[in-house]
Amino acid sequence: MFFRTSVIGFALAGFAAFELQAETCFHHDLGETCLLQPAQKVAAFEIRQIENLLALGVMPIGVGNRDQMVDKIPSPLAEGLAGVADFGLPATPELESMMLLGPDLILGGARNMGRQQESLRALAPVAGFEPYPAGGHNMYAVMESHLRAVATALGREAAAEAVLAELDAEIAAARTALAAKGWAGRRVILGNVNAGITGADVMLFNSNSLPAEIIRRLGMDYAHHDPRHLDKAFEVTTVEALIAFDDIDFLYMPFNAEGVRNLMASPVWRGLGFVTAERLHEVGYQQMYGGPLSARAFLHDLIAALGK
Amino acid sequence: MNRGVVMPYGACGACGALGGGLLALCLAMAFNLAQGEAPLALIWAGLFGEGGQSFDIIWGFRAPRLAAGVLSGAALAVSGVVMQSLLRNPMVSPGLVGITSGAQLAIILGALAAPGLMLQFGVAIAMLGGLFAVSLVWLVSGGRRASPLRLVLSGLVVSMCLGGLSSAALLLFEDETRYLLSWGAGRLRQNDWSGVEATAGFILTGLLVTFALARRYDVARLGPEVAAGLGLDLRALSILTLILVLLMTGAAVALTGPIGFIGLVTPHLLRLMRIKSHVVLIPAAALWGAVLLVLADSLTYLIGNVTSAPPVGAITALLGAPLLLWLILRSQALKGSGMMSAAPFGLGRITGLRPSHALYGLGLALGAVSLLHLQSGGAGMDLSEIWLALWRQAEPLQNRIIWELRLPRLVVALLGGAGLALAGLLMQAILRNPLADTGVMGVNAGASAGIMAMALLMPFAGAVSIALAALLGGLAAGALVWALAWARPSPTILILTGIAVSACAGAFVQIAVLQLQQTQSPVAWLVGGLHGRGWAAALVVLPVLAGASFIAILLARGLDVLALGDLAAKGIGATPDPLRLAGGITAIVLASLIIAALGPIAWIGLLAPHIARLFAPVRLRAQIPCAMIAGALILVSADWLSRILLAPSEMPAGIVISLVGAPWLIFMIKRSDHR
């Protein structure tokens with residue numbers, strides 16, 4: 001009896017051990033990937049996934065578009081990328097150097113990785129994450145879930161929670177500081193001003209965008225919600241759309257300095273309610289499809305702009 | 001109908017065209033002014049109530065937008081009218097002779113090189129680009145001697161060439177040119193009056209001078225002999241018109257971006273109103289061109305704001321391309337075109353080389369480039385290592401790199417290049433036109449449309465699904481061209497139908513690119529290349545290529561007879577239509593499949609047959625192997641360059657070919673033409 005129980009017990013334990021080894025599974029936008037053991041040699045394409053790795057304290061063996069990423073990722077951690085392999089453009093990853101370096105996981109955006117998956121799968125398991133998933137998700141939560149999925153693949157779940165907790169703590173501290181300056185409950189909209197040869201575009205972030213969530217967590221009220229544009233969480237429109245928002249604080253990121261100058265010279269702009277009331281605030285430009293490092297840089301820029 | 005009735009009818013047509021045009025323009029303008037992001041009620045309340053910004057919005061944004069539409073529409077339409085009259089060719093327009101794409105390329109390059117300069121000298125730079133394009137078209141077509149069809153085809157080749165350069169610039173400098181994208185598709189949106197102020201003078205001067213020349217255009221339309229008899233200096237008028245057209249379209253492109261089909265559609269609209277005299281025709285064209293463009297702009301505002309609305313340039317293309325198709329299919333002038341004699345321009349033998357010697361030479365070159373191709377890649381490897389790896393005797397990773405990555409890619413390049421060349425050769429034979437290839441039959445544009453539809457519907461699709469979508473798109477476009485031209489499948493009708501179908505697909509691609517642009521880089525999807533192509537692609541292409549080569553050899557003699565012209569061919573007992581259909585299906589299926597496997601790649605189908613004709617000018621059967629080896633040589637070389645130019649990044653082979661191949665083609669056509 002004892003013998004039988006122990007046999008079953010050992011069998012169960014063996015299964016459990018096997019299960020533990022086999023079941024490092026995580027979901028991404030191309031499906032589910034299971035790894036026998038946590039990934040260590042990771043190749044990464046596109047800013048969000050590279051940021052996820054850096055934030056989790058893992059240096060990838062190589063990244064796509066390396067030199068541009070060193071400049072683009074707003075964190076001192078990015079300097080370390082200068083020493084890793086350059087795997088070329090995400091649309092045409094350099095397969096040979098990847099084969100030589102032998103990654104055990106390839107991460108990137110879902111569109112490019114999806115298109116390349118037939119050739120990349122021959123090298124290593126491939127996971128793709130879409131920074132703009134359709135369906136009106138809260139993009140901050142999407143960013144968090146991407147970080148957690150990558151952390152699972154690397155066996156670094158605790159590091160992911162630490163990164164997110166640190167971000168939360170910074171936000172909580174800033175919330176108090178901003179409240180002291182009278183920002184609590186203020187109605188705020190964030191836009192991104194871009195200019196063509198002629199017309200100037202104003203890109204408005206929607207209520208489900210990543211920066212909108214940060215603004216809400218800072219104790220303000222995000223005042224732009226357009227149900228037609230929840231999929232991308234932003235829309236491109238013209239200054240005309242801004243006359244409806246008279247009573248708000250407008251935060252803008254200058255994508256293009258000349259465009260901003262042109263726009264601000266126009267009579268419509270000068271007559272806008274938030275311009276005449278001097279509730280206009282410039283925030284440093286950050287791309288919003290990055291990961292936790294970009295989110296944190298945006299937070300810092302925002303605190304600097306509003307804390308004046 | 002007697003003469004007494006004709007006169008009042010003509011006068012009434014004139015007052016209808018002018019008065020109706022004015023009325024339509026007023027209505028279209030009022031409707032357009034009421035449209036915008038700010039709700040109408042808010043604007044209305046502001047105009048008649050307190051402290052609103054309605055006046056600023058209307059005066060600062062909407063009125064300049066409207067003025068840009070009116071000016072641009074008038075300039076393009078009047079340019080179309082005078083070009084059609086002077087060249088006596090109902091198929092020409094500023095877009096079709098390459099002016100728009102030349103101006104667009106100049107502006108893109110200008111914005112990259114000296115953004116500050118663009119604000120001051122935008123019109124001048126656009127005009128230079130337009131002039132460059134017109135000169136190229138003139139060179140390629142052979143100038144005044146050119147038949148209408150040859151002029152249109154030359155315009156198409158030059159437009160494709162310059163458009164390829166534009167998309168290469170957009171792809172390589174994606175971040176720097178992102179702000180040009182919404183302009184690049186044609187939009188009327190303005191920030192203030194500065195754009196209109198900078199261009200209005202040029203456009204108005206152009207319109208007035210054109211109007212002052214109206215009587216001369218009446219004479220010029222009667223033909224060179226009559227014009228000379230009536231004492232008109234046609235040469236001086238042509239040069240003056242060219243300057244005027246460049247001035248007007250250059251300014252219009254600088255103001256609103258490239259907008260197609262207004263210059264083509266408006267003259268035909270007026271022709272339907274039976275307007276003949278240029279004194280009426282020119283102002284009427286200005287009015288109706290403005291109406292069409294403003295209405296098309298209004299249509300975009302009905303669809304949504306910048307995020308969701310297509311650019312007005314895409315709307316005019318979507319509406320204009322079917323109209324072009326209709327014009328072609330009902331055209332009286334083209335009725336007898338099936339009976340046109342031999343190729344519209346001959347190509348002489350350029351070298352004294354015998355075809356067999358040429359084959360050896362091309363084969364040697366191909367071998368050498370293939371070796372270079374095998375040698376290039378991120379992992380290095382010298383020739384001895386490659387040799388060992390070919391026998392699987394090198395290190396395991398090197399064996400894998402050769403057998404899994406480099407060799408299949410080389411084989412696909414060889415097969416793909418040979419196949420595109422064969423398809424182009426067949427197409428040129430059945431259409432009797434050395435400027436035709438399967439791209440002219442809509443295959444490339446259809447494949448691009450398929451790829452973009454896939455990108456919109458299934459964003460994470462893998463390479464196989466994308467290839468299937470491209471295959472379906474290419475085949476559908478090819479089939480559509482044949483179906484539409486079914487009643488009269490003459491070369492001219494087929495080519496023009498193909499251009500129109502391509503334009504429809506192109507408008508859809510343009511809209512899709514802008515939809516996707518905000519969150520990713522769709523241009524990369526539209527440029528063909530060989531990255532990551534494996535044995536599967538080779539296995540799919542090989543049997544079809546073998547079959548197509550077999551059919552081509554069988555058809556070769558019949559197609560040689562076809563080159564004499566349909567009438568002569570029938571005279572010696574050949575049956576042009578079935579031959580043409582068989583050759584056409586073979587070429588379209590082959591090209592669609594290869595383009596599905598590689599992505600849209602242009603030029604090989606044009607270039608390789610030209611190379612073959614240098615060595616084997618007459619017999620198709622001798623041209624087939626030459627063209628296939630030349631095609632393989634072109635694609636393998638381009639792919640080799642694509643890997644080494646920007647390593648470790650790749651510049652897709654499709655771009656390399658259009659950067660190098662297009663100018664080369666123009667040079668070759670020009671040169672062979674002198675013989």
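Note that the coordinates shown come from a computational prediction; the quantities given were computed from them, not determined experimentally. (Residues numbered from 1 in each chain as written. Chains lettered and ligands numbered in written order. Predicted model: local features only at pLDDT ≥ 70, side-chain atom pairs only at ≥ 80, totals over all residues. Heavy atoms only, no water.)

> Before we move on, could you go through the overall build of chain B and cite the residues and values that matter?
The number of helices and strands found in chain B is 27 helices and 0 strands. When burial is assessed residue by residue, chain B has 59% of its 675 residues classed as buried. For chain B, the accessible area works out to roughly 25700 Å², and carbon and sulfur atoms hold 72% of it. (Helix = DSSP H or I, 4+ residues; strand = E, 2+ residues; numbered from the N terminus. Buried < 20%, exposed > 50% of the residue type's maximum accessible area, 1.4 Å probe, protein only. Areas by Shrake-Rupley, 256 points an atom, 1.4 Å probe, with all protein chains shown as cover.)

> Can you break down the state of the cysteines residue by residue, with the values?
Throughout the structure, instances matching the rule amount to 1 disulfide over all chains. One disulfide in the model links Cys25(A) with Cys34(A); its S-S distance is 1.9 Å. Around the S-S axis, the bridge from Cys25(A) to Cys34(A) shows a dihedral of about 110 degrees and counts as right-handed. According to the relative accessible area criterion, Cys25(A) is partly exposed, its value standing at 21%. Taking relative accessible area as the criterion, Cys34(A) reaches 42% and is therefore assigned partly exposed. With no disulfide partner, Cys26(B) has as its closest neighbouring cysteine sulfur the one in Cys15(B), 16 Å distant. (Disulfide = S-S within 2.5 Å.)

> Outline the environment of Val70(A), supporting the account with residue identities and numerical values.
All names here are of chain A. Mapping valine 70 onto the fold places it in helix α3 (residues 66–72). We classify valine 70 as partly exposed; its relative accessible area is 24%. When near neighbours in sequence (up to four residues on either side) are disregarded, valine 70 contacts Ala78, Leu81 and Ala82. (Contact = heavy atoms within 4.5 Å.)

> Which residues make up unusual backbone geometry, and what are the values?
Positive phi outside glycine occurs at Glu46(A), with the angle close to 75 degrees. Summarising the element assignment, Glu46(A) is placed in the loop between β3 (42–44) and α2 (47–55).

> Run through helix α19 (residues 443–457) of chain B, naming residues and quoting values.
Residue and element names in this part refer to chain B. An ideal rise of 1.5 Å per residue puts 21 Å on 15 residues; α19 measures up with 21 Å between its terminal C-alpha atoms. Among the 15 residues in α19, 12 count as buried, and that is most of the element. Those residues of α19 lying buried are Val443, Asn444, Ala445, Gly446, Ala447, Ser448, Ala449, Gly450, Ile451, Met452, Met454 and Ala455. (Expected span 1.5 Å × (residues − 1).)

> Which residues make up the interface of chain A and chain B, and what values go with them?
If you look at the interface, chain A gives 56 residues, while chain B gives 57 residues. Our count for the chain A to chain B interface comes out at 4 salt bridges. Between Arg406(B) and Glu96(A) there is a salt bridge; the shortest N-O distance is 2.6 Å. For the pair chain A and chain B, the number of links is 11 residue pairs in polar contact (both at pLDDT 80 or more). Listed by contribution, the elements that provide at least two residues to the side of chain A that touches chain B are α4 (95–101), α5 (110–120), β8 (187–195), β9 (200–205), β11 (234–237), α9 (257–265) and α10 (267–271) of chain A. The dominant element in the side of chain A that touches chain B, judged by the number of residues it contributes, is α5(A), at 8 residues. In terms of residue class, the side of chain A that touches chain B is built from 23 nonpolar, 19 polar and 14 charged. (Salt bridge = Lys/Arg side-chain N within 4 Å of Asp/Glu carboxyl O. Polar contact = N/O pair within 3.5 Å; in protein donor to acceptor, adjacent residues only side chain to side chain. Nonpolar A, V, L, I, M, F, W, Y, C, P; charged D, E, K, R; others polar.)

> Quick rundown of the nonpolar core? Include the residues and the values.
What tends to happen in soluble globular proteins is that the nonpolar side chains get buried as a cluster. Among the nonpolar cores identified, the biggest contains 224 residues, and Ile106(A), Met441(B), Met452(B), Leu559(B), Trp603(B) and Leu635(B) are the most heavily contacted of them. The residues contacting Trp603(B), other than those within four sequence positions of it, are Val157(B), Met160(B), Cys161(B), Asp437(B), Ile657(B), Ser658(B), Ala662(B) and Leu665(B). Among the nonpolar cores identified, the runner-up in size contains 57 residues, and Ile171(A), Met203(A), Trp269(A) and Met288(A) belong to it. (Core = buried A, V, L, I, M, F, W, Y, C linked by side-chain atoms within 4.5 Å.)

> Can you explain the confidence of the model for chain B? Please cite residues and give values.
Residues and elements named next belong to chain B. Averaged over every residue, the pLDDT of chain B is 83; residues scoring 70 or more account for 89%. pLDDT under 50 marks residues 1–9. Its contacts with residues more than four places away, or in other chains, come to 2 contacts. In this model residues 336–349 is a low-confidence stretch, pLDDT under 50, and it forms 43 contacts with partners more than four residues away in sequence or in other chains. Among the prediction metrics, the complex's ipTM stands at 0.84, with pTM recorded as 0.85. (pLDDT = per-residue confidence, 0-100.)

> Any details on the confidence of the model for chain A? Residues and values, ideally.
Residues and elements named next belong to chain A. Looking at chain A as a whole, the pLDDT averages 87, with 91% of positions reaching at least 70. The least confident element of chain A, judged by mean pLDDT, is helix α1 (residues 2–22) at 50; the most confident is β3 at 97. Low pLDDT, under 50, characterises residues 12–17; the stretch is placed with 0 contacts to residues that sit more than four places away or in other chains.

> How would you summarise the environment of Arg111(A) if you had to cite specific residues and measurements?
Relative to the elements of secondary structure, Arg111(A) occurs in helix α5. Sequence-wise, Arg111(A) and Glu130(A) are 19 residues apart; in three dimensions their C-alpha atoms are separated by 7.1 Å. Residues within four places of Arg111(A) in sequence aside, it is in contact with Glu130(A), Ala455(B), Pro459(B), Phe460(B), Leu516(B), Gln520(B) and Trp525(B).

> Quick rundown of the side chain of Ser79(B)? Include the residues and the values.
Residue and element names in this part refer to chain B. With respect to the helices and strands, the residue serine 79 is situated in helix α3 (residues 54–87). With relative accessibility at 0%, the residue serine 79 sits in the buried group. If we skip the residues at most four places from it in the chain, serine 79 touches Pro94, Val245, Met248 and Thr249.

> An account of the environment of Pro576(B) is needed here, citing residue identities and associated values.
Residue and element names in this part refer to chain B. Secondary-structure assignment places proline 576 in helix α24 (residues 576–598). Overall, proline 576 belongs to the buried group, its relative accessible area being 4%. Beyond its immediate chain neighbours, meaning those up to four positions away, proline 576 contacts Leu562, Asp566, Ala569 and Lys570.

> Talk me through the sheet that holds strand β4 (residues 62–63) of chain A; I want residue IDs and the actual numbers.
Residue and element names in this part refer to chain A. In space, the 5 strands of this open sheet follow the order β5-β4-β3-β6-β7, with parallel pairing throughout. Every interior strand has two partners, whereas the edge strands, β5 (85–86) and β7 (126–129), have only one. In this structure, β3 lies alongside strand β6 (residues 105–109), joined through 3 bridges in parallel fashion. Across the sheet, alanine 43 pairs through a bridge with isoleucine 106, a residue of β6. Relative to β6, α5 is tilted by about 145 degrees, and along the sheet it contacts β6 and β7. (Pairing = 2+ DSSP bridges. Axes fitted to C-alpha atoms, helices over the stretch in contact; angles between N-to-C directions.)

> How would you explain the packing of helix α14 (residues 278–303) of chain B against helix α15 (residues 312–330) of chain B if you had to name every residue and give the values?
All names here are of chain B. For the pair α14 and α15, interaxial distance at closest approach is 9 Å and the crossing angle is 110 degrees. If you check the angle between α14 and α15, you find them roughly perpendicular. With respect to the hand of their crossing, α14 and α15 are arranged in right-handed fashion. Judged by residue contacts, Leu293, Ala296, Asp297, Leu299, Thr300 and Ile303 of α14 engage Val312, Ile315, Thr316 and Leu319 from α15. Grouping the amino acids of the contact of α14 with α15 by side-chain chemistry returns 7 nonpolar, 2 polar and 1 charged. (Parallel < 35°, antiparallel > 145°, perpendicular 65-115°, else oblique. Left-handed = near helix turned anticlockwise from the far one by under 90°.)

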